[in-house]
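Breakdown of the fold
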Amino acid sequence: MNKTANYKLTIIIPIYNEEDNMERLRKTMTSFLPTCNVAACVLFVNDGSKDKSLELIQDACQNESDLYYINFDRNRGLSAAIKAGIDVAQSELVGYMDADMQTDVRDFNLLLEHSSEYPLVMGIRAQRKDSSFKRFQSKFANSFRRMMTNDGATDTGCPLKIINTSYAKRIPFFTGMHRFLPALIKLQEGGKFYETPVRHYPREAGVSKYTLWNRLISPFKDCFAYRWMATRYINYNIEENNL
Ligand code: UDP
Ligand code: MG
């Protein structure tokens, strides 16, 4: 057992070189947690930051309640950070949001309204505040992925999600899987998702870690991997046991 077991929701926040966002992130999270509709904690996953992010995370966790962290030995990528958060979490639900706060943490309360019925609840960035080029890439990638996976998701890349932890722990993980969460959840029996519009803001500090190349090429290949996996995915139900 770890401390996340004392909460209903663990909000995973992956952090790679986000020192300029840390002060605001700390304030945002500590003021949100008491207003969250369920008992919630934050789990920062420091993904080998080379700036002062780790020190700032440690300081926040030492001085505020309900903030926890894990620290990677080196940079392992966003999918790895999310997987580690899910592996560690022992609360009934896991949330995910980015450190750049381009989504509004208060919208977790909107998602929570549906999380008892749906194993995955995710936002749709309604009025997206990114450059037109980035929106174009995202639109293109979304429609190609939708065609290949048939997931029916509007905005897989939205960094505001809540997943039922038992479903989350059964997701097949691979680098880039964070772009396929609705499709991957749908592989499981009962694995349905719900989408709801959420607020979106520009990135105010720090820089985006992704380029056109790593946003399009690998996800393109991953679509084929997904199609293969969908034909081979294992589901089972234990009807009885004497353990
Ligand atoms: N991130 C991470 N490891 C990485 C790259 C990014 O943990 O190798 C984190 C980053 O700090 C942020 C989130 O993943 O919290 C999303 O990254 P970013 O905002 O740069 O991506 P974008 O929103 O531009 O796609
Ligand atoms: Mg971002």
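All of the points below concern the structure found in this document. (Residues numbered from 1 in each chain as written. Chains lettered and ligands numbered in written order. Predicted model: local features only at pLDDT ≥ 70, side-chain atom pairs only at ≥ 80, totals over all residues. Heavy atoms only, no water.)

1. With respect to a nonpolar patch on the surface
Where nonpolar side chains cluster on the molecular surface, the patch consists of F133, F136, F140 and L212 and spans about 440 Å² of accessible area. If one sorts the elements of the nonpolar patch by residue count, helix α5 (residues 132-149) sits on top with three residues. Among the structural elements, F133 can be located in helix α5. Residue F133 is classed as partly exposed on the basis of its relative accessible area of 48%. (Patch = residues over 30% accessible without salt bridge, like charges linked within 9 Å, V, L, I, M, F, W, Y side chains within 5 Å. Areas by Shrake-Rupley, 256 points an atom, 1.4 Å probe, with all protein chains shown as cover. Salt bridge = Lys/Arg side-chain N within 4 Å of Asp/Glu carboxyl O. Helix = DSSP H or I, 4+ residues; strand = E, 2+ residues; numbered from the N terminus. Buried < 20%, exposed > 50% of the residue type's maximum accessible area, 1.4 Å probe, protein only.)

2. Notes on the layout of surface pockets
Estimated volume of the second largest pocket: approximately 260 Å³. Forming the walls of the second largest pocket are I124, R125, A126, R128, R135, S138, K139, N142, R146, T154 and D155. Put simply, the parts of the chain that give the lining of the second largest pocket at least two residues each are β5 (120-125) and α5. Among the elements that make up the lining of the second largest pocket, the one with the highest residue count is α5 (five residues). Looking at the lining of the second largest pocket residue by residue, the classes come out as two nonpolar, three polar and six charged. (1 Å grid on protein atoms, 1.4 Å probe; cavity = no way out; pocket = protein on both sides within 12 Å on 5 of 7 lines; lining within 4 Å. Points joined across faces, edges and corners; volume = space filled by probe spheres on them. Nonpolar A, V, L, I, M, F, W, Y, C, P; charged D, E, K, R; others polar.)

3. Observations regarding the nonpolar core
Soluble, globular proteins show a tendency: their nonpolar side chains are buried together. Judged by nonpolar contacts, the single largest core of 32 residues is most densely connected at I11, I13, L25, M29, F44, M97 and F108. Beyond its immediate chain neighbours, meaning those up to four positions away, M29 contacts I11, I13, V42, L67, M97 and V105. Formed by 30 residues, the second largest nonpolar core is a distinct cluster that contains A84, L120, M122 and I185. (Core = buried A, V, L, I, M, F, W, Y, C linked by side-chain atoms within 4.5 Å. Contact = heavy atoms within 4.5 Å.)

4. Some points on the pattern of salt bridges
Applying the stated criterion to the full structure yields 16 salt bridges. The residue R76 makes a salt bridge to D73 at a minimum N-O spacing of 2.7 Å. A residue is classified by how much of its surface remains accessible, and D73, at 63% relative accessible area, is exposed. In this structure, the salt-bridge partner of R125 is D155, at a minimum N-O distance of 2.8 Å. Taken together, the residues span a long stretch of sequence, with R125 in strand β5 and D155 in the loop between α5 and β6 (160-164) at a distance of 30 residues.

5. Examining the sheet that holds β5
Here we have seven strands laid out as an open sheet, ordered β3-β2-β1-β4-β6-β5-β7, and mixed in their pairing. With partners counted over all chains shown, the strands left at the sheet margins are β3 (67-71) and β7 (193-198), one partner each. Averaged over all pairs of adjacent strands, the angle between strand axes in this sheet comes to 25 degrees, irrespective of strand direction. In the sheet, strand β2 (residues 40-46) pairs with β3 via five bridges, with the strands oriented parallel. Counterpart to L43 in the pairing with β3 is Y68. Along the sheet, helix α3 (residues 78-88) makes contact with β1 (9-15), β2, β3 and β4 (93-97), crossing β1 at roughly 155 degrees. (Pairing = 2+ DSSP bridges. Axes fitted to C-alpha atoms, helices over the stretch in contact; angles between N-to-C directions.)

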